[in-house]
Amino acid sequence: MTTVRLRGGHVVDPARQVDAVQDVCFRDGRIVAAQAAVDEDIDASGCVVMAGGIDLHTHIGGGKVNLARMLLPELQRKEVARTASDLELASCGGCAPGTLATGYRYVEMGYTSAFEPAMLPANARHAHMEMGDVPVLDHGAYVLLGNDELFLEMLARGEDFERIRDYTAWTIHASKAMGVKVVNPAGISAFKFNQRRLDVDESHVHWQVTPRQVLQTLARALRELGVPHPLHIHGSNLGAAGNIESTLETIAALDGLPAHLTHVQFHAYGNEGPKKFSSAAVQLAQAVNDNPNISIDVGQIMFGQTVTASGDTMRQYAQSHLGSPRKWIGADIECEAGCGVVPFRYREQSYVNALQWAIGLELFLLVNDPWRVVLTTDHPNGGPFTSYPHLIRLLMDRSFREEQLAKLHPDVAAQAALRSIKRELSLSEIAIMTRAGPARLLGLADRGQLGVGAAADIVVYREQADREAMFATPELVFKDGAQVACAGRITAVPVGGTHFVEPEFDRGIEKRLRKHFADHGQVNFDHVAIGHDELCRCCRGGRLLPAACFEGRPT
Amino acid sequence: MTDAVRPWSCPFCPLLCDAFGVVRAADGSLALQGSDCARARAALAHFGPATGDDRPRVHGRACELHVAVDAAAALLRTSRQPLFGGLGTDVAGARALYRLACDTGAICDAAQGAALTEGLRALQDRGGFTTTLAEVRTRVDLLVCFGGLPTPRHPEFFRHAGLAPDDPRVVVVAPSDDLFAASAQLAALVEGQVVDGASAELQALAQRLRAARYAVLVYEPARLPVHGALVIETLQRVVATLNRSTRAAALPLGGGDGAATVNQVFSWLSGLPLRTRNGPHGLEHEPVCFDAGRLVADDAVDLLLWIASFGPAPAPPACRLPRIVLGHPGMAAVEADVFIPVATPGIGADGHLFRTDGVVMLPLHAVRPEPLPTVADVLQRISAALQTERAA
């Protein structure tokens, strides 16, 4: 048992309100109390020490991203050369990196956990397999509900809420999920019935239920099941001018229930001005500030080539003609979901793209409580996760931000509200948005902080004025106490663990589900649920990390 | 005495039926229960009572596994450009194979690589819109089987679709037609163009497609003529046109014998699909040049590692290359420098495969005890032996 001390670093650990020079000691993969006698002493003076980064919304595993890889060999080929360490197997980087490169590049940046936000029940094994093949990182996924025919049918028939709640819990159990995500509530299903738009209070053309009902039911179910991560919501009308109305209605529909609104940048558009496309960041930030039940991640866009991969078939279809290169993949999936993969190139000289960029930054800077804002680009939809250090610099360095703004489409550069925002985020605020906050939002008590007993996922950054350089290449990264990266080089590739939750439910629901699966010709009901042993095999024998549910509120 | 195993996931065609059972006789032979699928029955007949010597062979002589593994590693070490072909394995086998392919710079192409590549090239050029089996069963009001009925190769297809082959909702465009012309004419007709020379059937079909609420175009890449990617692209054009005003989707049937599964696994690990190698300048993806048949014919490779764990076929191509074969025990007679019999996922071992729609991954369960190692076991041992040799 080796005790290691990181001596004299500037520890930024907002979960414990620590922002001071002090030692951090760890043994056996866990943080221990500071002590005098240690086996290994590492000089961390001149460095900033934080917990490992946690990305709570990044498309790292499952069918959509794999389709993107197959779709875009011309982009993938440009990103093949790099294998910096003998420990790395060949794997493309870029906007749709291989799972191996995904792990390597995240770890080199000091991230130690990542969560796939859109796991389809029918594709759950595949998603877990891919995440198992992301080296080093711990991982987990949110399972999609709210567009599956059974859920909509139960809602349409006015079945008991408790039954729907049991079905929700069973789906989490069967797919080994960390939470539930709803994408364009009822809209993916509606597209299968040739409906092209669905507002929050509009009825699904077949099931005659509204997105509002779906949101309320799922948010309440998760609350009562005690699932730590609240409903993860990709709202209605993604990317459409004027969609701020839907986003505000979504917040109102939740009626105080906890929820996480994801990639809100794509949902904060007004329809004002000569181009009928404007920033609604101020309105959305105000709504988030006024509703403490709401947390967000931003989904910042970054200029350059990327690919968007989403379950939102309805909206991806609507935007497929904007794709570059001009090709796209769509699918209707197994009576439960859909998928759309559209390559995208965000251009500085495009009015719309420049405004999207400004809206994302405005949201980061206008929401007061950093604990409810998570730093994401919705990888790869807004840009690849490798752009996080650049994004951090934009948030921490106002003059750098203004330099970038000046390069954009002249109308945006001249008029964006961003120009008048003086706020620069502190190291502590960045630590909240990239580790402490996401850990709290996911219910990971022993991650995202460096208190005694916490997991020894630790990053040591060399203090630099250029925050982009500082956050791109930390000096040292430890995963569960093992050194995994040193100055941008992978030094070990342990298998990461799998986070999931196991809410309780009435098994009586299984009879109903068995019949539904048989009627729709889906896979044999006995093959749906993933057991612990199988999950372990899917994830290459990584540790299983069930997170505790809280005491749900009884009905 | 017999033992019924149910449910059983059938690994022998990409529909991966999992509603049937398998009955295991006392002598170890297996019989299908609940279906009369000719393809599954024929495949199960290759898993009779254990007979003969299931030991690995080096130059035809029976040996212990470690001897065969060392011989395989020695061949791989001296090869300057190996080819990994067949690729009849599951997710675990593909994961192990990727490491070995990276270590040796091997080019990887599936036995069904030609059909797989036609679909892939159409995807890479234009993308596409697809659907899955449960959607078909729930929604379809017009099912077009383009290039013939799928039943000869996918006998249980219509059971999945919830339709009889003679249902009025099913329309067949016969394989005897010129499929390039037929698809092009159909695409023009659904766009509302007047097409001289289009048959009355095709014109009627275009009308029905435009009126359908959820039309599905089924095709089998393996049955399309050379340059079938062009037909696939055109069928996807039909789907795209229909989706402007109503709903439609395509459903390709194929990717069996591990091809689609290995392609998925390699794509996620590396970021590029099959017909890729880890060359001196990093990963190289060459969907045309890295065709196994072409490489063998051109003497562009100097070693063949062939994997076929689902049955005694497909056999490796006839060639003079040194050969390592990881295969069904029934392949012992195939000429090979090293032959290692392996377990079949879904018969002698657990495993995972992708279904034809590329979305559903199903678990496979062993239905009888198996002394043979899995493909993944053997490949991991070969990788380890190579590392040891390098370190020495």
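This text follows the structure it describes.
Below you will find a few notes about this structure. Keep in mind that this is a model prediction, so the values were computed, not measured.

### Comments concerning the overall build of chain A
And then number 1: Along chain A, the regular secondary structure elements total 19 helices and 24 strands.
And then number 2: For 555 residues, the compact-globule estimate of 2.2 N^0.38 gives 24 Å, and chain A sits close to it at 22 Å.
And then number 3: Going through the 555 residues of chain A one by one, you find that 60% of them count as buried.

### Let's talk about the interface of chain B and chain A
And then number 1: With 50 residues of chain B at the interface, the matching set in chain A holds 46 residues.
And then number 2: Only helix H3 (91–104), helix H4 (113–126), strand S8 (127–130), helix H5 (133–139), strand S12 (247–252), helix H10 (259–270), strand S14 (282–285) and strand S19 (361–364) of chain B provide two or more residues apiece to the side of chain B that touches chain A.
And then number 3: At six residues, H5(B) tops the list of elements feeding residues into the side of chain B that touches chain A.
And then number 4: Among the residues forming the side of chain B that touches chain A, the class breakdown is 20 nonpolar, 21 polar and nine charged.
And then number 5: Of the strand pairs in this sheet, strand S16 (residues 328–333) of chain A and S8(B) are connected by four bridges, and their pairing is parallel. Looking at the pairing, Gly330(A) lines up with Phe129(B) of S8(B).

### Concerning unusual backbone geometry
In terms of backbone geometry, most residues other than glycine have negative phi values and most peptide bonds are trans.
All names here are of chain A.
And then number 1: Geometrically, the link from serine 324 to proline 325 is a cis peptide bond, its omega value of -5° lying close to zero.
And then number 2: In this structure, proline 325 sits in the loop between helix H11 (313–319) and S16.
And then number 3: Phi at aspartate 28 takes a positive value of approximately 55°, unusual for a residue other than glycine.
And then number 4: Tracing the chain through its elements places aspartate 28 in the loop between strand S2 (18–27) and strand S3 (30–32).
And then number 5: Taking the number of C-beta atoms within 10 Å as the measure of exposure, aspartate 28 has 11 and is therefore exposed.
And then number 6: One non-glycine residue, aspartate 378, lies in the positive phi region at around 55°.
And then number 7: Note on placement: aspartate 378 falls in the loop between strand S18 (373–374) and helix H13 (388–396).

### Examining the pairing of S19(B)
Residues and elements named next belong to chain B.
And then number 1: With burial as the criterion, each face of S19 is covered, one bearing Met361 and Pro363 and the other bearing Leu362 and Leu364.
And then number 2: In this sheet, S19 lies alongside strand S18 (residues 351–354) in antiparallel orientation, the contact comprising four bridges. Paired with histidine 352 across the two strands is proline 363, which belongs to S19.
And then number 3: Between the end of S18 and the start of S19, which pair antiparallel, lie six residues, with glycine 358 showing a positive phi angle near 75°.

Here is what the cut-offs are and how they apply
Residues numbered from 1 in each chain as written. Chains lettered and ligands numbered in written order. Predicted model: local features only at pLDDT ≥ 70, side-chain atom pairs only at ≥ 80, totals over all residues. Helix = DSSP H or I, 4+ residues; strand = E, 2+ residues; numbered from the N terminus. Rg over C-alpha atoms; globule rule 2.2 N^0.38 Å. Buried ≥ 20, exposed ≤ 12 C-beta atoms within 10 Å, placed from the backbone. Contact = placed C-beta atoms within 7 Å. Nonpolar A, V, L, I, M, F, W, Y, C, P; charged D, E, K, R; others polar. Pairing = 2+ DSSP bridges.

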